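# Summary of structural features
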Amino acid sequence: MLNIKKLANLVIEKRVFLISFILIIIFSVLAFKNPYNTRTLVPNLEPYPDTLYYSVPAWNFVHGLGFNMTSYGFESKIVTPPVYSLYLLPFFAIFDDVRAFYFANLAVMFGGIIFFVKILEILFYQKKEDLFLIGSLGFFYVTNFYFYTLPSLLMAESITLFFSMLAIYLFISPVSKLKSLLAGSVGILILLIKFSNFPLTMAFYLLYGFKLLQSKETKKFIKPFVTASAISAAVMIANIFSTNIFSNHKNLGGNSGFSSSYFLPNFWAYLRVVFGQNERYLWFSHRLTSTAISIPALFGIFAGHYTKKTRIIVLSLLIYSLALIKFMSFFYTRDIRYILPIYPIMLIFLGFGFQYIKNRFGIKAMTPLLTVLFFFYLLLPTVSQINGERAIITLKKQVGLNFRHAEEPWNYNAVIEFNSYFETKKAQKPYLGTLLPPYYVNYFANGNYNYLPISMGQEFFGDKIDKSNGYLVSLTDYYKKLLKDGNDIYVSPYYQANLISWKTDYETLVSEFDVTLVKSGCHDTCNIYKLNLKSKD
């Protein structure tokens, strides 16, 4: 009898593994990029400044410069916790290229898929017919536009999703000493990815602690959980005090970060997002998911109350989700990426809805309904994530973009143009003024020129410190000083279109000098000009 049970479990594991493998293949096709060519936006390393806060400390550490944000003699305060940066270390060390972040993100996204399928297996697998439900929910997970584009963005959302899936898996799976020990660390790790993950950390500790207290062997499991939690918390506190990270933090002071005045409009907006309203996600503005998912998922919340076991899970996941939504509603700006971890939970709720239909009306009722929803998801443009475009067309376009068509990484191309002009190394390095961040330029520059900002309003220069010279009140005066000292100075207007004020600052600066075009590039957007003092100077 025992052998038959082991054989049955082995068959289940193989089938679930096969589903995970197929989903990873689908995700890989949709997320595929060659980060080392110029036909993808990966080398742009956007969105700034977050991407550079995460990557620069890891890059500098690998290159023996310490875990800090320094480049070209300029230094910025680290404002992000260290986990994602630490995770990037081995990838930067092995590949010696910042674009290796793409592989790091792929790895954690694959891990997130595996844990998501494991969650679905625990919650929904009873017979082989349930594999259709598990596979469908997994398909909805990997074909979400925001999920399969995450690997090409140097952001911490990928690793947050991984740990969020791990946390939910630990919560719904049977308790063990090892899992309790891991759970004690996972909560703090989530917080040390992004401080905005604070509600996820608190909700997880609350829910997992409650689970342990309900266990028949509480004493056996509570000790490793508390021990791991205490050690992890001590490490976090040590990191906070050693880095002084909260001092003058850009999002935690004044009117620039969190405020109760933002709560109501943001909270209702996020609730509308859950129901299928379009909202900003970086430079996109689409739904969080298809309304073919979001509306039935609401039914699943009520259907999940059908049994005591699923009722506890539904309530726990609601607490987990609402904690995040409520917390981020206090933040000054709305963005779907702040609440991405709730999407897999919506899929779990959807699964509870179909499980209820199966238990109440049988598998013959569930299967055709799920099939209809599947086709709605793929073929109905009015319910799709990108409104007005069938999901199957969106997926087809993405595959075409990944394997046939090209995107222009203009920021990267601009630096390559700079390198081509300064290809010859000179005894005295010339200076190049650009609106691109110094840390970005440093990743791809050939080392034959020094960096200068063009505007004190550009990214990373609001509180800039030049460690070698002190820093100046007037960039114009500093430029003139360098020229009088015999230095060559060049400028490029590239990136000025990003903000009107940058364009104004660029024009104001160059108006103080004689300007000569020395190189054209990027369809005249990244031209290089040589500056000379006017005769009156």
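One can find the structure itself at the top, above this paragraph.
None of these values were measured; they are calculated from a predicted model. (Residues numbered from 1 in each chain as written. Predicted model: local features only at pLDDT ≥ 70, side-chain atom pairs only at ≥ 80, totals over all residues. Heavy atoms only, no water.)

We now examine the packing of helix 7 (residues 157–172) against helix 8 (residues 177–191). In contact at an axis separation of 10 Å, helix 7 and helix 8 are set at 145° when each is read in the N-to-C sense. Here helix 7 and helix 8 pass one another in a crossing that is left-handed. For the pair helix 7 and helix 8, the contacting residues are Phe-163, Ser-164, Leu-166, Ala-167, Tyr-169 and Leu-170 in the first and Lys-179, Leu-182, Ala-183, Val-186, Leu-189 and Ile-190 in the second. In terms of residue class, the contact of helix 7 with helix 8 is built from ten nonpolar, one polar and one charged. (Axes fitted to C-alpha atoms, helices over the stretch in contact; angles between N-to-C directions. Helix = DSSP H or I, 4+ residues; strand = E, 2+ residues; numbered from the N terminus. Left-handed = near helix turned anticlockwise from the far one by under 90°. Contact = heavy atoms within 4.5 Å. Nonpolar A, V, L, I, M, F, W, Y, C, P; charged D, E, K, R; others polar.)

To continue, consider the sheet that holds strand 6 (residues 450–452). The strand order 6-5-8-10-9 describes an open sheet built from five strands, whose pairing is mixed. Each having just a single partner strand, strand 6 and strand 9 (513–519) make up the two edges of the open sheet. Neighbouring strand axes in the sheet, compared pairwise and without regard to direction, differ in orientation by 35° on average. As paired elements, strand 8 (residues 489–491) and strand 10 (residues 528–533) share three bridges and run antiparallel to each other. Across the sheet, the residue bridging to Tyr-490 is Lys-530, located in strand 10. Docked against the sheet, helix 19 (residues 475–484) engages strand 5 (431–433), strand 6, strand 8, strand 9 and strand 10, running at close to 80° with respect to strand 10. The strands that helix 20 (residues 500–510) touches are strand 8, strand 9 and strand 10; relative to strand 9, the one it contacts most, it runs at about 110°. (Pairing = 2+ DSSP bridges.)

Our next topic: the side chain of Ser-180. As for its position among the elements, Ser-180 is in helix 8. Apart from residues lying up to four places away in sequence, Ser-180 is in contact with Val-175, Tyr-208, Leu-212, Phe-221, Pro-224 and Phe-225.

Moving on, we get to the packing of helix 12 (residues 291–303) against helix 15 (residues 363–379). Direction vectors running N to C along helix 12 and helix 15 enclose 140°, while the axes themselves pass 9 Å from each other. Relative to helix 15, the element helix 12 is oriented oblique. Across the interface between the two elements, Ala-292, Ile-293 and Pro-296 from helix 12 touch Leu-373, Phe-376 and Tyr-377 from helix 15. When its residues are assigned to classes, the contact of helix 12 with helix 15 shows six nonpolar, no polar and no charged. (Parallel < 35°, antiparallel > 145°, perpendicular 65-115°, else oblique.)

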